[in-house]
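# Summary of the model geometry
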Amino acid sequence: MSKINLPKTYDYKGIEERLYRWWEEKGFFKPSNDPPQPGFDHSKKPFVISIPPPNVTGELHLGHAMFVSMEDLMIRYHRMKGMPTLWVPGSDHAGIATQLQVEKMLAGEGLTREQLGREEFIRRTWAWKEKYGGVINRQIRRLGASCDWDRERFTLDAGLSRAVREAFVRLYRKGLIYRGPRLINWSPGLRTAVSDLEVEYSEEPGRLYYFKYRLAGSADEFIPVATTRPETILGDTAVAVHPEDERYRQYVGRRVLVPILNRAIPVIADEYVDRQFGGGALKITPGHDPNDYQIGVQHGLEIISVLDEAARVNHNGGIYAGLDRFECRKKLWEDMRAAGLVIKEQPYTLNVPRSQRGGEIIEPMISTQWFVSIQPLAQAALEVVRDGRIRIVPERFSKVYYNWLENIQDWCISRQLWWGHRIPVWYCGECGEMTVASDDPAACAVCGSSKLEQDADVLDTWFSSGLWPFSTLGWPDDTPDLRYFYPTSVLETGYDILFFWVARMIMFGLEFTGKVPFHTVYLHGLIRDEVGQKMSKSKGNVIDPLVVMDELGTDALRFTLLVGSAPGNDMNLSTKKVEANRNFANKVWNVGRFALASLAQSPKQPEGEVDWTLADSWIWARLQQLVRHVERLFAVHQYGEAGRQIYDFFWAEFADWYVEIAKLQLAQGGDRAFYTVYTLIRVLDACLRLLHPFTPFVTEELWGHLKRACQQHSERLSPQGGWEEALIVARWQPSRADEGWEAQKIADFTLVQEVVRAIRNLRAEKKIKPGSRIPAYLLCGERLGVLESQRDTIAALAHLDANRLRLAASLDEKPSPALSLVVAGVEIYLPLANVVDRETERVRLKGELTAVEAQIQRLESLLDSEFAIKAPPAVVEKERQKLAIFRQSAEKLRQQLSGLR
RNA sequence: GGGCGAUUAGCUCAGUUGGUUAGAGCGCUACUAUCACAAAGUAGAGGUCACAGGUUCGAGUCCUGUAUCGCCCACCA
């Protein structure tokens, strides 16, 4: 092998960064057809993805690595297909997460945000964002993300803030946003409202407390009631019983006394009450329980809040005012026990609502907040998926989506935070009326007073994320980007944010642009550790993608994530898998080295006509099949399966077989060598194109070497249409239909493979010295022509002595003594007297014969059944042929057996 | 309570228009420093495709049911 200056192992270090910088500097990440550029053509259909904006506070984790890999795959594929592609990057201001982060930093300085004041706190948060906010997107670059960084957006930047205000004002004017007191989920630690989605329920051991609700004006009558949260007794405004419950019917309409407080409240009847549970009666706390709230509203009950914003008991709690909710629970229960009101308590499994963010226990509370009337939006969002204008992949998630939207509650969008989009509503100090405006108003819209104060709350982070696909393209302005790139093509993300984000984008997209924001939703699964557990710092099972990229290369990580699981299915990741794919990258690299070295020694031009070998034709035919499969799989979003097939073809067929045969063909020199190099180059080039969306770095690097070497060598080696500037912008390998000759070549080559494998197998079994050249007879029957033409190949691959290799249709006198075997109807004899033991051979051949006879029997009965009549003729014919070959084989095995005697 | 997914080799997983000998990687066994690659090569062992029915000429694949595990939604105090 001539010297080529490529290292023996693929060394991604250095290559990845260099290539990424080069791609970016060259502008390859920008759409090939860009509205601001001269020659822009509006009629060309673009392919567009909006990135799921990672939290600006974030550090790269495998979830990011997953979506970046998947989206970059789609983007690179469509770019190579020649579509103008745009991948809009950005990040999310992540209200709560960021605010907590900055507060933590301040705490280090002994400061609180209250001490700083709102304005200064926000200034500090921006400073923090400028300093650390770029980390996540630098990490995303390392994955090879080919986003148009010139279009990078941040949910809190000026343009997007304007979009948020505009959206709010439009919804408000349409009557779809309202403000009012409602029972909401309150996070006492964060001191803010959160939406239903931000509450997670966890099963935890707790207690169920039974106690007496005494009837007013009666010394001994009481109704037994059970609760899991005794402190809420302070806010009870009724006791409910089932209307048909004989035990308590008599009490309905009378009044009972709230323990300790001795407030008199009514006994009401409601069918909601489960007679079987607890004492069969239900205390009603409309101020602190969602179900009780419903009942309270229906019955016109008083609603009493007993907790303040830190979940301490407020003035309504009488003597308990000022106590923390859990202290109160204890104290009140003790007092009730002392008062003889306690019946019993028992262990009980609770479903505790906890904050998705801090993990603290959420309190349902009455609070004045802003809400979106979600019904009309949800209806529209349901329709577009039902009628197929948006397709969700995998399809099963459509059902989940429907189910959620059909049961959706109004969305609480106000948060009592400082970091975020401030609600564009001003309250007049004179007349008290609201002014809702997209631009800061100078005066009250009602009375004209300038004494205005803006609402202190900010919007839920997901409100701005919901606008992302179009706000990033310039909405509410009618920009060229918006006109050309919207609606986007695919929205790709994890199924865990289907509700948080995807559904809201669909609702907002339809509402504000009148169009679906994307046509396809592709949902990937979550990444877990080797044994299927969620990765978490406390478990210590976290795999850091940055470390993996450092140690095994970006391509290896990407390929693993892309090929490791089916769409929507979770994936268990282990570094073992990444190692295997690192090995694959290395395999690609080394096939490349081989091709380049071969090229260096090849004749410049052929002198005669093209004369393809069987191997040449075979690999080409198989490549065409592969390209067609990949094309079909991509069309149905089966990217993993496509990658797997490319992997298998590349390794098990191209590298293991074609490259080995190429070595023989190259040794022949002349035109044979030239056309072998040509085939190597063409197939390698095609594979690099197919692999590029999966493993962009190794393919680009190798392709660059290949291109330069070919250009120096010969015009004849250029791909059709010439060499493109870079693989990232090269044409996707076109798929073409078979021309008719392929099936036979594949069948012929498969026979060669079978013969070679059979001989190798027997050699290994008989412990014949590896590499030693041994004699052989091949009795080929009607296959003589094919095998004769592959004589040298077979001899070399099976380590036969070419001078003592004899091929014939048949022989009257069989070689003996000899090891013998039959494969696909071909008889093979290895006349090696020293290893032949007649008895062992007899046993071995008998075993073979039994196996073949079993197959014959199976096929005979199959072909004798209705199968022969009802199955498609082609399928039946295939089985007939198999049977014929098995019969041949059986016949020959019998001969061999008798020859042993 | 409702819904979804998974169940295939020792382990981790593919297997999407149903086609008759079920694949990969890792691990395992034997052999191999030969010249693209030892991060490799060659050969091999290893599976009643969770279970029970059904549809079909034919089921890992479609239907029904069961079991186990996991997830989502709802939230009976």
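Before going into details, it helps to say that this report is about the structure given with it.

Let's shift gears to the overall build of chain A. Assigned secondary structure in chain A consists of 28 helices and 29 strands. The globule rule puts the C-alpha radius of gyration for 901 residues at 29 Å, and the 37 Å found for chain A is more than 25% above it. A principal-axis box enclosing the C-alpha atoms of chain A has dimensions of 120 × 70 × 55 Å. Evaluated residue by residue, chain A yields a buried proportion of 55% over its 901 residues. Expressed as a percentage of contacts within chain A between residues at least 6 apart in sequence, the contacts between residues at least 24 apart total 77%. One way to put it: in chain A the 113 positive side-chain charges average out to a point 4 Å from where the 117 negative ones average out.

All right, on to the pattern of salt bridges then. Under the counting rule described, the total for this entry stands at 63 salt bridges. Measuring nitrogen to oxygen at the nearest pair gives 2.9 Å for the salt bridge that ties D611 to R672. With a gap of 61 residues between them, D611 in the loop between α18 (575–601) and α19 (614–635) and R672 in helix α21 (residues 670–691) connect regions that are remote in the sequence. With a closest N to O distance of 3.5 Å, K814 and E827 form a salt bridge. Residue K814 is found in the loop between β27 (800–808) and β28 (819–823), and its partner E827 is found in strand β29 (residues 826–830); the two are separated by 13 residues along the sequence. Among the residues examined, K814 registers a relative accessible area of 27% and is labelled partly exposed.

Next up on the list: unusual backbone geometry. Comment: phi is negative for the bulk of residues other than glycine, and the bulk of peptide bonds are trans. Here the bond from Y486 into P487 is cis, since omega is 0°, no more than 30 degrees from zero. Of the consecutive residues S816 and P817, the connecting peptide bond is found in the cis state with omega at 0°. Among the structural elements, P817 can be located in the loop between β27 and β28. The phi angle at H799 is positive, at roughly 55°, despite the residue not being glycine. Non-glycine residue A824 carries a positive phi angle of around 50°. The residue A824 is located in the loop between β28 and β29 in this model.

We now examine the sheet that holds β27. With mixed pairing, the 4 strands of this open sheet are ordered in space as β27-β26-β29-β28. Strand pairing shows two members of the sheet lacking a second neighbour, β27 and β28, which therefore form its edges. Between one strand and the next, the sheet's axes are offset by a mean angle of 20°, whatever the strand orientation. In the sheet, strand β26 (residues 774–779) pairs with β27 via 5 bridges, with the strands oriented parallel. For I774, the partnering residue across the bridge sits in β27 and is L800. Most of the contacts of helix α28 (residues 873–899) go to β28, to which it runs at about 170°, and overall it touches β28 and β29.

It is worth spelling out the protein's contact with RNA strand B at this point. Of all residues adjacent to RNA strand B, which total 61 residues, the nearest are N572, R644, R858, F867 and F886. Of all RNA strand B atoms lying within 4 Å of any protein atom, the proportion belonging to sugar or phosphate reaches 59%. Taking A226, its main chain carries an N or O atom lying 3.0 Å from a sugar or linking oxygen of RNA strand B. Here a phosphate oxygen of RNA strand B and a side-chain polar atom of K663 are 3.1 Å apart. Going through the elements one at a time, β8 (222–227), β13 (342–355), α18, α20 (639–667), α23 (742–765), α26 (838–864), α27 (867–870) and α28 are the ones with two or more residues in the surface near RNA strand B. Residue contributions to the surface near RNA strand B peak at 11 residues, all from α18.

We now examine the packing of aromatic side chains. Inspection of the entire model under this criterion finds 52 aromatic pairs. For the pair F584 and Y647, a centre-to-centre distance of 4.4 Å together with 35° between the ring planes defines the contact as tilted. With F584 in helix α18 and Y647 in helix α20, this residue pair connects regions lying 63 residues apart in the sequence. Positioned above the aromatic ring of F154 is the side chain of K129, whose terminal nitrogen or guanidinium carbon lies 4.2 Å from the ring centre. Against the face of W149 rests R141, its NZ or CZ located 4.2 Å from the ring centre.

F168, Y401, F463, F654, L800 and L830 are the most contacted members of the largest nonpolar core, which totals 203 residues. Setting aside residues up to four positions removed in sequence, L800 forms contacts with I759, R773, I774, A776, I794, A795, L805 and L830. In this structure, I184, Y209, I265 and C412 belong to the second largest nonpolar core, which totals 34 residues.

How each quantity is defined
Here, residues in each chain are numbered from 1, in the same order as that chain's written sequence. As a convention, the first chain written is A and the first ligand written is 1, with the rest following in written order. Only residues with pLDDT of 70 or above have their local features reported here, since the model is predicted, and side-chain atom pairs are shown and tallied only from 80 upward, although totals for entire chains, interfaces and linings are computed over all residues. The side-chain quantities take in all heavy atoms of the structure and omit both hydrogens and water. Numbering goes from the N terminus for both helices and strands, where a helix is a DSSP run of H or I of at least four residues and a strand is a run of E of at least two. Radius of gyration means the value over C-alpha atoms here, while the globule rule gives 2.2 Å times the residue count to the 0.38 power. The buried label applies to any residue whose accessible area, calculated with a 1.4 Å probe on protein chains only, is under 20% of its type's maximum; exposed applies above 50%, and partly exposed to all values in between. Any pair of residues with heavy atoms lying within 4.5 Å of one another is described as a contacting pair. Charge assignment in this entry is limited to Lys and Arg as positive and Asp and Glu as negative, and neither His nor the chain termini are counted. Every charge is mapped to an atom, namely NZ of Lys, CZ of Arg, CG of Asp or CD of Glu. Salt bridge, as used here: a side-chain nitrogen of Lys or Arg that lies within 4 Å of a carboxyl oxygen of Asp or Glu. Pairing between two strands is assigned when DSSP locates at least 2 bridges connecting them. Helix axes use the C-alpha atoms of the stretch in contact, all axes being lines fitted to C-alpha atoms, and the angles between their N-to-C directions lie in the range 0 to 180 degrees. Throughout this document, a residue counts as near a molecule or strand when at least one of its heavy atoms sits within 4 Å of that molecule or strand. Two N or O atoms form a polar contact when they lie within 3.5 Å of each other; inside protein one atom must be a possible hydrogen donor and the other a possible acceptor, and for residues adjacent in sequence the pair counts only when both atoms belong to side chains. Put simply, two rings from Phe, Tyr or Trp (the six-membered ring, in Trp's case) pair if the centres are within 6.5 Å, and we call them stacked under 30 degrees between planes, edge-to-face over 60, tilted for the rest. Only when the NZ of Lys or the CZ of Arg is both within 6 Å of the ring centre and within 35 degrees of the ring normal is a charge said to sit over the ring. Residues belong to one nonpolar core when they are buried, are Ala, Val, Leu, Ile, Met, Phe, Trp, Tyr or Cys, and are joined through side-chain atoms within 4.5 Å.

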